[in-house]
Amino acid sequence: MTKVTMTVNGKARSAEVPDNTLLVDYIRENLRLTGTHVGCDTSQCGACVVHVNGQAVKACTMLAASAEGAEVTTIEGVAASKDDLHPMQVAFKENHGLQCGFCTPGMIMTATDMVSRYKEAGKTLDEHAIREELEGNICRCTGYHNIVKAIADGASKMA
Amino acid sequence: MYDTTYYRASSVSDATSKLAGTEDGKFLAGGQTLIPTMKQRLAAPSDLVDVSGIDALKNISVDGDTVTIGAACTHAQVAGSSEVAQAIPALVSLASGIGDPAVRARGTIGGSIANNDPAADYPAACLGLGATIVTDSREVPADEFFVGMFETALEEGEMVTAVKFPKPAKAGYAKFPNPASRYAMVGVMAAQTANGVRVAVTGAGNDGVFRHSALEEALGANWSADAAQGVSTDAADMMADIHGSSEYRAHLVGVMAGRAVDNS
Ligand SMILES: Cc1cc2nc3c(=O)[nH]c(=O)nc-3n(C[C@H](O)[C@H](O)[C@H](O)COP(=O)(O)OP(=O)(O)OC[C@H]3O[C@@H](n4cnc5c(N)ncnc54)[C@H](O)[C@@H]3O)c2cc1C
Ligand code: FES
Ligand code: FES
């Protein structure tokens, strides 16, 4: 067992977990934050994407122990409140960027990460760049078109 | 995933001595290969010694004509490095084409070359640019490091600490990614180095990454995409799987070599 301590969505959390606990299982099972999903066992779908120290990572491909001391943000932590969604969440809603919604938490965490990275690097996040950046996120329903539109819209709203 | 014991190393010597005391332990870097393998129960290390937090392994430096990249530098770090972009732009383009953004945020150069996946990108960079692999105990030229599929010259418990790349006069990388996994179906690094033209091919060879002497000769005489595409590759030495036959890969080698030259 290992004691893990991290800040999740602004709150200090800590627990004793088996050493082989994946970050995604810690988030879902221990913290009961079930918005972060698991869609594959091959690290390819991106349904589990969360931010660790400001970077989008696959929570299914990292041990909870490796996130010791980290700042973690999950989909539950992006909106200011239930009635005040994050601009990227609003954009997904308005552009029909989801159907079943299973991939959406990972899509949103990937989207906000790409927007801030491009802004920081002074690069333009055009449609082609958005599609390339979505390489690690699989959606089985929408056909991506509206997801790409939503991210472009969300990016302009985040500016 | 089977049980394991986790340990976070604070320095290189801490990591190697810790690993030496384990029954069947492994270094853990970005985990982008090891964790999926453990989840599928294809690996079951008794202990994991996490090297991703060792600060000394996270530096990139350029000294004269040598670019040194610490083993725990992530693909994202290399892709975003202005120093590397200036010295060896081909390395930046290679790193930014590995997997997807989340994989690049965690995966490291040390983990990639220690693993030596036959379809990984960095082995082609090391071999094509004539890099030197630095470990906790010695320096190994890339020509001797990549022994075969998933096999390297690393001894039991030996740790990669950095990779030194000599700055080439010109270099280009091109890969034809597998559309699902993004690993290379064929990836070619072609470079004009101080010791002549070097061409390394990943993704295609039966024994993993390899140098292509016919391409080196042709591009040494005439650095052009046409010269590259005129060189044929023996299909008998190429991998075949559900993604492509060996003839298909042999053909792709010439095409990718041409694009690598165009990208240089
Ligand atoms: C969805 C997906 C797509 C990917 N696409 C690509 C791709 O297109 N191209 C590509 O090249 N790779 C790809 N990868 C692999 C990725 O680049 C990995 O990051 C890399 O292969 C391993 O690096 P790591 O730091 O994650 O190592 P880990 O997974 O932590 O370790 C891998 C192996 O190396 C050993 N090791 C780690 N560090 C050291 C060290 N310093 N010294 C000695 N041994 C060490 C470990 O013990 C282990 O055996 C992909 C991975 C995923 C999940
Ligand atoms: S659940 Fe993490 S990538 Fe699919
Ligand atoms: S909305 Fe159903 S998987 Fe993306």
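Residues numbered from 1 in each chain as written. Chains lettered and ligands numbered in written order. Predicted model: local features only at pLDDT ≥ 70, side-chain atom pairs only at ≥ 80, totals over all residues. Heavy atoms only, no water.

All names here are of chain B. With parallel pairing, the 3 strands of this open sheet are ordered in space as β1-β3-β2. Among the strands making up the open sheet, the edge pair consists of β1 (5-8) and β2 (26-28). The mean angle between the axes of side-by-side strands here comes to 30°, regardless of whether they run parallel or antiparallel. Looking at chain direction, β2 and strand β3 (residues 47-50) are connected through 3 bridges and run parallel. Directly across from lysine 26, in β3, lies its bridge partner leucine 48. In this fold helix α1 (residues 12-20) packs onto β1, β2 and β3, with an angle of close to 145° to the strand it touches most, β2. (Pairing = 2+ DSSP bridges. Helix = DSSP H or I, 4+ residues; strand = E, 2+ residues; numbered from the N terminus. Axes fitted to C-alpha atoms, helices over the stretch in contact; angles between N-to-C directions. Contact = heavy atoms within 4.5 Å.)

By size, the foremost hydrophobic cluster in this structure holds 38 residues, and its most contacted members are Ile69, Leu91, Ile113, Tyr122, Cys126, Phe165 and Met189 of chain B. What methionine 189 of chain B contacts, discounting residues up to four positions off in sequence, is Ala90, Leu94, Ala124, Ala125, Gly128, Leu129, Ala171, Gly172, Tyr173, Arg198, Val199 and Ala200 of chain B. Among the nonpolar cores identified, the runner-up in size contains 33 residues, and Val17, Leu22 and Val52 of chain A together with Ile35 of chain B belong to it. (Core = buried A, V, L, I, M, F, W, Y, C linked by side-chain atoms within 4.5 Å. Buried < 20%, exposed > 50% of the residue type's maximum accessible area, 1.4 Å probe, protein only.)

A few words on the sheet that holds strand β1 (residues 2-8) of chain A. Residue and element names in this part refer to chain A. The mixed open sheet is built from 5 strands, whose spatial order is β2-β1-β5-β3-β4. With one partner strand each, in any of the chains shown, β2 (11-17) and β4 (55-58) form the two edges of the open sheet. Between one strand and the next, the sheet's axes are offset by a mean angle of 40°, whatever the strand orientation. Contacts from helix α1 (residues 23-30) reach β1, β2, β3 (49-52) and β5 (71-73), with the element oriented near 105° to β2. Sheet strands in contact with helix α3 (residues 104-121) are β3, β4 and β5, and its direction is about 40° off that of β3.

Residue and element names in this part refer to chain B. For chain B, the assigned domains read domain 1 (5-50) and domain 2 (59-263). If you average the C-alpha positions of domain 1 and of domain 2, the two centres end up 25 Å apart. The partner domain 2 presents 12 residues to the 9 residues of domain 1 that form the contact. Summed over the shared surface of domain 1 and domain 2, the number is 0 salt bridges. Connecting domain 1 to domain 2 are 0 residue pairs in polar contact (both at pLDDT 80 or more). Top element by residues in the side of domain 1 that touches domain 2 is α1. It accounts for 4 residues. (Domains from an automatic or database assignment. Salt bridge = Lys/Arg side-chain N within 4 Å of Asp/Glu carboxyl O. Polar contact = N/O pair within 3.5 Å; in protein donor to acceptor, adjacent residues only side chain to side chain.)

Residue and element names in this part refer to chain A. Its location among the elements puts valine 72 in strand β5. According to the relative accessible area criterion, valine 72 is buried, its value standing at 2%. For valine 72 and asparagine 9, which are 63 residues apart along the polypeptide, the C-alpha to C-alpha distance reads 6.2 Å. Apart from the residues lying within four places of it in its own chain, the contact partners of valine 72 are Met6, Thr7, Val8, Asn9, Ile27, Val50, His51 and Val52.

As a further point, take the pairing of strand β10 (residues 160-166) of chain B. All names here are of chain B. Most of β10 sits out of view: 5 of its 7 residues are buried. For strand β5 (residues 66-70) and β10, the ladder comprises 5 bridges, and the chain directions are antiparallel. Bridge assignment links valine 67 to a residue of β10, and that residue is phenylalanine 165. Across 4 bridges, the pairing between strand β6 (residues 132-135) and β10 is antiparallel. Its bridge partner lying in β10, valine 134 is registered against alanine 162.

The interface is formed by 22 residues belonging to chain A together with 30 residues belonging to chain B. Carbon and sulfur atoms make up 54% of the area that chain A and chain B hide from each other, which totals about 2,000 Å². Of all residues in chain A, Asn20, Thr61 and Glu135 of chain A give up the largest surface area on contact with chain B, accounting jointly for 26% of the area buried on that side. Taken together, chain A and chain B are joined by 2 salt bridges. Note that lysine 58 of chain A and aspartate 100 of chain B form a salt bridge whose closest N and O atoms lie 2.6 Å from each other. At the boundary of chain A and chain B, one finds 9 residue pairs in polar contact (both at pLDDT 80 or more). The element that contributes the greatest number of residues to the side of chain A that touches chain B is β4 of chain A, accounting for 4 residues. For the side of chain A that touches chain B, the residue count by class is 7 nonpolar, 8 polar and 7 charged. (Buried area = accessible area lost by both parts, 1.4 Å probe. Nonpolar A, V, L, I, M, F, W, Y, C, P; charged D, E, K, R; others polar.)

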